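Descriptive structure summary
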Amino acid sequence: MIFGYNVEKIRKDFPVLSKKIIYFDNACMSLKPLSVINKLNEYYNEYTACAGRSSHSFAERVETEVEKARQEVGKLINSKHSSEVIFTRNTTESINLIANSLGLEKGDEVIITDKEHNSNLIPWLKLKKEKGIVVKIAESNKDNTFNLENFERLITDKTKFVSVVHVSNLDGVENPIKEISKITHKNNALLMVDGAQSIPHTEVDVRKLDIDFLCFSGHKMLGPTGTGVLYGKKELLEKLNQFIVGGETVIDSNYNDYKVENIPMKFEAGLQDYAGIIGFGEAVRYLRKIGINNIKKHELKINSLITESLSDLIEEGKINIIGPKEVEKRSGIFSFNIKGMDCHNVAKMLESSKKIMTRSGMHCVHSWFNKKGINGSVRVSAYLYNTEQEAITFAEEVRKIVKIV
Ligand SMILES: Cc1ncc(COP(=O)(O)O)c(C=O)c1O
């Protein structure tokens, strides 16, 4: 029992749950509470305008609301200044912004892991092709957990940048960011963390972990689609080159030159998704009210119930879990295959029998699946509104599918 955690009360905040679905695709996209939907409507109904340009009262209101959202996000990750929070469209855009602004040159080394989402693999491979940077891949342990020795062995005096996933969308494994950060900084390199799967589910303090850059997406944490964040230490963001430039990114310009804006606007080019940003701020407010730690404990409870309910089939090898066997190492993710069954068929059967929505396929981690020679997996990912009964129903349905193979 998590003190004060009332899942039935929480569920009432999510209008789409009235459709009697079992929504287990949260690592892809979370559902949205009514307060976030209302906040989006508030912008469109009451003060639809742009910030930073006009000086009328609608524009002033937008600026105030955007700044409130920025501060809310800053508090969530414990940034020192709210200006260290840059709004982007998603994690992918945040990573691309950094990859294209660092000024990496031929021979510079970047280290990533063997479990990166395409969003934290392709931008580096592109720089490898176009600029001749060296991309090094830190191999995980056999059970898919992080191997610090392998990582440390890869670092050299040519290593300029380390970019690692915090919690894997493949299997839910959390990487030891504090240790990675120490090793990275000891070697005079910079660290970026892909927090797409950690920020929605686990408390992250950028100062305690000494993270230089952090990227995450609003749509996975109750926020609107098309909203994301790039956090960066102030002194680093100030030195960093701009990526996309134009309106709002400059203080002044003439036909020959321009004067760059201060952070955060330096990186927020063109008209922003104000409704989305303001809605994102509301999502963070909602999550902080429930408590990220409470949510984390709740998800682990759901995943434990699923894992225990299917333990005999796992032991018999009829179900194969991606990642470590121990549920505590997989947070809210249960990624699996049924022996002899295609993952997409399993996902379809789960939906047609009990409206259970999961994700099937390679989850944008093609590199890992291709290396292992596996066609994909079915991924269940829990969030704050999933119930124990849903976990039991899911396990019962999986058992039925195993029987007919
Ligand atoms: C670990 C991880 N990184 C990056 C991404 C990309 O996020 P987005 O599509 O919001 O840019 C995802 C999305 O699933 C993810 O799970």
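Everything below is about the structure shown above.
This report concerns the structure included in the present document. (Residues numbered from 1 in each chain as written. Predicted model: local features only at pLDDT ≥ 70, side-chain atom pairs only at ≥ 80, totals over all residues. Heavy atoms only, no water.)

The subject of this paragraph is the environment of S94. Looking at the secondary structure, you find S94 in helix α4 (residues 91-101). The exposure class assigned to S94 is buried, which follows from its relative accessible area of 0%. Between the C-alpha atoms of S94 and S217, which are 123 residues apart in sequence, the distance is 9.1 Å. Those residues within four positions of S94 in sequence are excluded, and the remaining contacts are T88, C215, V229 and L230. For S94, the side chain forms a polar contact with the main-chain oxygen of V229, separated by 2.9 Å. (Helix = DSSP H or I, 4+ residues; strand = E, 2+ residues; numbered from the N terminus. Buried < 20%, exposed > 50% of the residue type's maximum accessible area, 1.4 Å probe, protein only. Contact = heavy atoms within 4.5 Å. Polar contact = N/O pair within 3.5 Å; in protein donor to acceptor, adjacent residues only side chain to side chain.)

This part takes up the pattern of salt bridges. This structure, assessed with the given rule, holds 31 salt bridges. Across the pair E130 and K126 runs a salt bridge, and its minimum N-O distance is 3.4 Å. Placement of the pair is E130 and K126 together in helix α5 (residues 122-131), with a separation of four residues, close to one helical turn. Take E130: its relative accessible area is 55%, and that puts it in the exposed class. (Salt bridge = Lys/Arg side-chain N within 4 Å of Asp/Glu carboxyl O.)

Once that is clear, we can look at the nonpolar core. Core analysis: the biggest nonpolar cluster contains 61 residues, and L214, L384 and Y385 have the highest contact counts within it. Ranked by residue count, the leading element in this core is helix α9 (residues 274-290), at 10 residues. In this structure, this core is formed jointly by two domains, domain 1 (7-26 + 291-404) and domain 2 (36-289), each of which donates at least three residues. Discounting residues that sit within four places of it in the chain, Y385 has contacts with V7, I10, R11, F14, L17, Y23, N26, S30, L31, L222 and E390. I22, L310, V380 and A391 belong to the second-largest nonpolar core, a separate cluster that totals 26 residues. (Core = buried A, V, L, I, M, F, W, Y, C linked by side-chain atoms within 4.5 Å. Domains from an automatic or database assignment.)

Let us now look at unusual backbone geometry. Of note, the amide linkage connecting I263 to P264 takes the cis form, showing an omega dihedral of 5°. Despite not being glycine, N188 shows a phi value in the positive range, around 60°. Here N188 lies in the loop between α7 (177-186) and β6 (190-194). A relative accessible area of 71% places N188 in the exposed class. For L222, which is not glycine, the phi torsion reads 75° and is therefore positive. Following the sequence through the fold, L222 ends up in the loop between β7 (213-217) and β8 (228-232).

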